[in-house]
Amino acid sequence: MLPKRELADFFRNKFPDSFLEVTDFRGMLTIHIRGRGVLEVLRTLKTDPRFAFNFLCDITAVDHLVQGGHARFSVVYHLLNQHGARRIVVHAWVDEENPKLDSVYSLWKTADWQEREVFDLYGLLFQGHPNLRRILNPDDFKFYPLRKDYPLQGRGERSDFPVVERSIGSKWPATQDFE
Amino acid sequence: MTLVASDLSTEKLVLNFGPAHPATHGTLRIIMELDGEIITKATPEIGYLHSGFEKLGEHLDYNQYITITDRMNYLSPMCNNVAFALAAEKLLDLEVPKRAQYIRVLMCELSRIADHILAVGMQAVDIGAFTAFLYGFRLREKIYDLFEWACGSRLTTSYTRVGGLMRDLPDGFGARTKALLDDIPATLEEIDGLLTHNRIWLDRTRGIGVITAEQVISYGLTGPIGRAAGVDYDLRIKEPYSSYQDFDFDVVIGKDGDVYDRYMVRMYEMWESLKICRQVLEKMPVGPVNVDADSKAILPPRDEVFNSIEGLIHHFEVTMENRGFTPPVGETYVPTESPNGELGYFIVSDGGRTPYRVRTRPPSLINYSIFPEIIPGSTISDTVAILGSLNVIAGELDR
């Protein structure tokens, strides 16, 4: 594995269009790239024998609306090289206007459910994903709840639940007020 | 004229399994397409227990979020507490004292025994062996008694704090734990005697739900499921945290990756956990369990709060909502070996008192994603066996 400066040089030379920077915090190296280059960068990290990150631990995303950064969203990939027990993090930055990036399902099948989760919670679109639909929230849910502009208490989903109206006479009122 | 089965016209049957089926142990729903008795396609539907824990994390401070981590994997809450505290401590660049690290290891390993014994027991009760389940529950109850003694709660332990522990172990904890550790082998042997060489158990588990090593890598599976398929990766050995390097234990590796191997890996891992627990009790150092109070990360001792103005100010600074400790801007991730696999918290901090983003790397979700791949070709009764061997915890699956 290359040290920070050489890692940055390597990726700057190999992916001049998508490379942004390499950062280091508490010993964890992070490569920042633009979203459109993510598939090629991860393929290099997986197959190049100098890196050999064979295991994709985790895919998640961060909404940088408040904090600021290269773009609004970053998709975070945690990679692990199981032989050397080394880890690296890749941030793929995507714009709010065009929240699209390539799916890495062709490299690791674990991307199937994890990219679905990022889509469900952030609304980022993974191109080439075989089955991109919501996973945790219901299919008819309209919002992306982990975005920073979505309030903690929701947007009235609870009060908008469909209520069954009783047409047959009943001694109880048709709708009960629980709150 | 004789009819053979292939001449008969058959119709695909769609069967809905769950979300409140007794064998799902939680709220999982599987939509299965059946051709006769054989499943041709299985589509899991998850999210029935989705409670927005990651969104909540952006609105709670670091110590408050520890109470939320309990609710994720509710079979081994101690491991979640430790994993979150480690990530937050890495962010703050704190190193907790050796005694706290050892107590954390002890709690994690006791949790691992409780979690594995329940996983094995649940799997057994689903297949029809009720007795093993009861033996497991009896042991788990004793371990939970210890947790209750240490932190006042059986299930929602919240034992760790950022920078140490809620409190030190009570007097006599070591002796009582040692007595329990001497009891555990009898239970393990009872379960082992009931199941390991049982003809019915072997028929129901061997060659069922086979996961290959390539699938383990591709699907990102970790923990007993990965090791049962022969992938030698245990974070306690490869990337030691919380002083695991001080203890001598072996990693249990399976070969076939079927339901039986996953059962065996869990059984042997409990013996290894016993070894670790004994070593922890032998080597337990004396000293404080919290980082130095000057770090302003933990509450000062009570008598300082009541008897000195500095202590009172310090207490106020840590607890008030508009103060509290402020971590630097950055992001950390510490992988830990939970009973189900790699559990880690990815914390992004913008320098405020609450995290900017908390992500749980949920082993249950990622381990469950293999399910639609291995299910086709098996029967419904196999599904129950496979589901038990994956040990999916719905609280962590849906968060």
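Description of the structure in this document. (Residues numbered from 1 in each chain as written. Chains lettered and ligands numbered in written order. Predicted model: local features only at pLDDT ≥ 70, side-chain atom pairs only at ≥ 80, totals over all residues. Heavy atoms only, no water.)

Let us now look at the sheet that holds strand E6 (residues 329–338) of chain B. Residue and element names in this part refer to chain B. The strand order across the open sheet built from 3 strands is E6-E7-E8, with neighbouring strands paired in antiparallel fashion. One side of each edge strand has no neighbouring strand; the edge strands of this open sheet are E6 and strand E8 (357–361). Averaged over neighbouring strand pairs, the angle between their axes works out to 10° when direction is ignored. Bridge analysis of strand E7 (residues 341–350) against E8 gives 5 bridges, and the strand direction is antiparallel. (Pairing = 2+ DSSP bridges. Helix = DSSP H or I, 4+ residues; strand = E, 2+ residues; numbered from the N terminus. Axes fitted to C-alpha atoms, helices over the stretch in contact; angles between N-to-C directions.)

Before going further, it helps to spend a moment on the packing of aromatic side chains. Per the stated rule, a full pass over the model turns up 21 aromatic pairs over all chains. With centroids separated by 6.0 Å and ring planes inclined at 50°, the aromatic side chains of B:Tyr260 and B:Tyr263 adopt a geometry described as tilted. In this pair, B:Tyr260 and B:Tyr263 both sit in helix H11 (residues 259–283), 3 residues apart, roughly one turn of the helix. In terms of burial, B:Tyr260 and B:Tyr263 fall into one category: buried. Over the face of the ring belonging to A:Phe143 we find A:Arg155, whose NZ or CZ atom lies 5.3 Å from the ring centre. Of note, B:Arg140 hangs over the ring of B:Phe137, and the distance from its end group to the ring centre comes to 5.0 Å. (Phe/Tyr/Trp six-rings, centres within 6.5 Å; stacked < 30°, edge-to-face > 60°. Buried < 20%, exposed > 50% of the residue type's maximum accessible area, 1.4 Å probe, protein only. Lys NZ or Arg CZ within 6 Å of the ring centre and 35° of its normal.)

Once that is clear, we can look at the pattern of salt bridges. Under the counting rule described, the total for this entry stands at 36 salt bridges over all chains. Between B:Asp93 and A:Arg26 there is a salt bridge, with its nearest N and O atoms 4.0 Å apart. Placement of B:Asp93 in the loop between helix H3 (77–92) and helix H4 (98–127) and of A:Arg26 in the loop between strand E1 (19–25) and strand E2 (28–34) is noted, with the two residues assigned to different chains. According to the relative accessible area criterion, B:Asp93 is exposed, its value standing at 56%. For A:Arg26, a relative accessible area of 31% corresponds to the partly exposed category. Ionic pairing is found between B:Asp183 and B:Lys142, a salt bridge with its closest N-O pair at 3.9 Å. Pair noted here: B:Asp183 is in helix H6 (residues 173–195) and B:Lys142 is in helix H5 (residues 130–151), with a separation of 41 residues, a long-range link. The exposure class of B:Asp183 is partly exposed, given its relative accessible area of 40%. Taken together, the shared-partner salt bridges in this structure form one network comprising B:Glu109, B:Arg112, B:Arg227, B:Asp234, B:Arg236, B:Glu269 and B:Glu337. (Salt bridge = Lys/Arg side-chain N within 4 Å of Asp/Glu carboxyl O.)

By size, the foremost hydrophobic cluster in this structure holds 81 residues, and its most contacted members are B:Tyr65, B:Met107, B:Tyr159, B:Tyr345 and B:Ile347. Per-element tally for this core: the top contributor is H4(B), with 14 residues. Setting aside residues no more than four positions away along its own chain, B:Met107 makes contact with B:Met78, B:Phe147, B:Ala150, B:Tyr159, B:Leu169 and B:Phe173. Core analysis: the second largest hydrophobic core is formed by 78 residues, A:Ile88, B:Phe17, B:Ile208 and B:Tyr368 among them. (Core = buried A, V, L, I, M, F, W, Y, C linked by side-chain atoms within 4.5 Å. Contact = heavy atoms within 4.5 Å.)

Residue and element names in this part refer to chain B. Direction vectors running N to C along helix H2 (residues 62–70) and H3 enclose 155°, while the axes themselves pass 8 Å from each other. Taken together, the axis directions place H2 and H3 in an arrangement best described as roughly antiparallel. In terms of crossing hand, the pair formed by H2 and H3 is right-handed. Listed contacts from H3 to Tyr 62, Tyr 65, Ile 66, Thr 69 and Asp 70 of H2 are Pro 77, Asn 80, Asn 81, Phe 84, Ala 88 and Leu 91. Class assignment of the residues belonging to the contact of H2 with H3 gives a composition of 7 nonpolar, 3 polar and 1 charged. (Parallel < 35°, antiparallel > 145°, perpendicular 65-115°, else oblique. Left-handed = near helix turned anticlockwise from the far one by under 90°. Nonpolar A, V, L, I, M, F, W, Y, C, P; charged D, E, K, R; others polar.)

Another point: the side chain of B:His315. All names here are of chain B. Along the chain, the position of His 315 falls in helix H13 (residues 309–319). Residue His 315 is classed as buried on the basis of its relative accessible area, which comes to 18%. Once residues lying within four places of it in the same chain are set aside, the contact partners of His 315 are Leu 299, Pro 300, Arg 302 and Val 305.

Moving on to the interface of chain B and chain A. On the chain A side, the residues contacting the 52 residues of chain B number 44 residues. Approximately 3900 Å² of surface area, both sides summed, lies buried where chain B meets chain A, with 56% of it carried by carbon and sulfur atoms. Counting across the interface, chain B meets chain A through 8 salt bridges. At the boundary of chain B and chain A, one finds 26 residue pairs in polar contact (both at pLDDT 80 or more). No other element matches the 6 residues that E6(B) contributes to the side of chain B that touches chain A. (Buried area = accessible area lost by both parts, 1.4 Å probe. Polar contact = N/O pair within 3.5 Å; in protein donor to acceptor, adjacent residues only side chain to side chain.)

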